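An overview of the molecular structure
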Amino acid sequence: MGEIDIHAVTDVTRQIFHDARTEPTGSFPDRALERLKALVPFDACKWASGTLNGDTAYVHSIHLHNLPDDDTDVYLDRIKPQDPLLEGVMASPGKTVDLYDLMPREMFIASEVYKTYVQPLGIEHAVATLAYNSELGMYAMISLFRRDYDTPFTGQEKAAINSLFSVLLD
């Protein structure tokens, strides 16, 4: 595995901080995600924020990038209680978690979550990072998705995501 390009991570971090001060509120999330996409290519994203109470994540807002508008309701109503990726990031805040590090692919594709939610969206790979601010009791979580089965997230890409979000979401 190669090393992450810390200069590229720093440049993207700087650009996102600049955009946070200059972009209109409505366009900032997509602009930030486009910047991230230059560092780590992905097809879709879910950016959520809210509060944590013990093992329960309460979602206050979700920004969808290249996902259907009704995804939020479907996710919150049917999928969130059985989402292995959410469980994984809650167990490892501050660490970028790969879905297939949590469970074998064969097990996941046999699950109801895959059959009713993930497969219809065409998602084949997912990584997520959760940052938690204990003083505020707030979290931010970003899940990145790829549709091409032959293009998993690499260790270098996960390290870059982790480096970027340790600064941005903390």
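Everything below is about the structure printed above this text.
Residues numbered from 1 in each chain as written. Predicted model: local features only at pLDDT ≥ 70, side-chain atom pairs only at ≥ 80, totals over all residues. Heavy atoms only, no water.

Focus on the pairing of strand E4 (residues 125–133)
Judged by how many residues are buried, E4 sits mostly within the fold: seven of nine residues are covered. Bridge analysis of strand E3 (residues 97–98) against E4 gives two bridges, and the strand direction is antiparallel. When the sheet's bridge partners are listed, Asp 98 is paired in E4 with Val 127. In this sheet, strand E5 (residues 138–146) lies alongside E4 in antiparallel orientation, the contact comprising nine bridges. Paired with His 125 across the strands is Arg 146, a residue of E5. (Buried < 20%, exposed > 50% of the residue type's maximum accessible area, 1.4 Å probe, protein only. Helix = DSSP H or I, 4+ residues; strand = E, 2+ residues; numbered from the N terminus. Pairing = 2+ DSSP bridges.)

What about the environment of Ser 134?
Tracing the chain through its elements places Ser 134 in the loop between E4 and E5. Among the residues examined, Ser 134 registers a relative accessible area of 57% and is labelled exposed. Between the C-alpha atom of Ser 134 and that of Thr 51, which follows or precedes it by 83 residues, the distance is 9.7 Å.

Some points on the sheet that holds E3
Reading across the sheet, the five strands line up as E2-E1-E5-E4-E3 and stay open at both edges, with antiparallel pairing between neighbours. Every interior strand has two partners, whereas the edge strands, strand E2 (56–65) and E3, have only one. Of the pairings in the sheet, the one linking strand E1 (residues 44–53) to E5 comprises eight bridges and is antiparallel in character. Pairing of Cys 45 across the sheet is with Leu 144, part of E5. Against the sheet, helix H4 (residues 84–91) engages E1, E2, E3, E4 and E5, with an angle of about 40° to E4. (Contact = heavy atoms within 4.5 Å. Axes fitted to C-alpha atoms, helices over the stretch in contact; angles between N-to-C directions.)

Some words on the pattern of salt bridges
All told, the structure shown has nine salt bridges when counted by the stated rule. Here Lys 158 ties to Asp 98 by a salt bridge, and the two come within 3.1 Å at their closest N and O atoms. Remark: Asp 98 occurs in strand E3 and Lys 158 occurs in helix H8 (residues 155–168); sequence separation between them is 60 residues. Asp 98 shares its class with Lys 158; the two are buried. Linking Lys 158 and Asp 101 is a salt bridge whose minimum nitrogen-to-oxygen distance equals 3.6 Å. With Lys 158 in helix H8 and Asp 101 in helix H5 (residues 99–102), this residue pair connects regions lying 57 residues apart in the sequence. Given the relative accessible area of 16%, Lys 158 is considered buried. Three or more residues are tied together by salt bridges with common partners; here these are Asp 19, Glu 23, Arg 31 and Arg 35. (Salt bridge = Lys/Arg side-chain N within 4 Å of Asp/Glu carboxyl O.)

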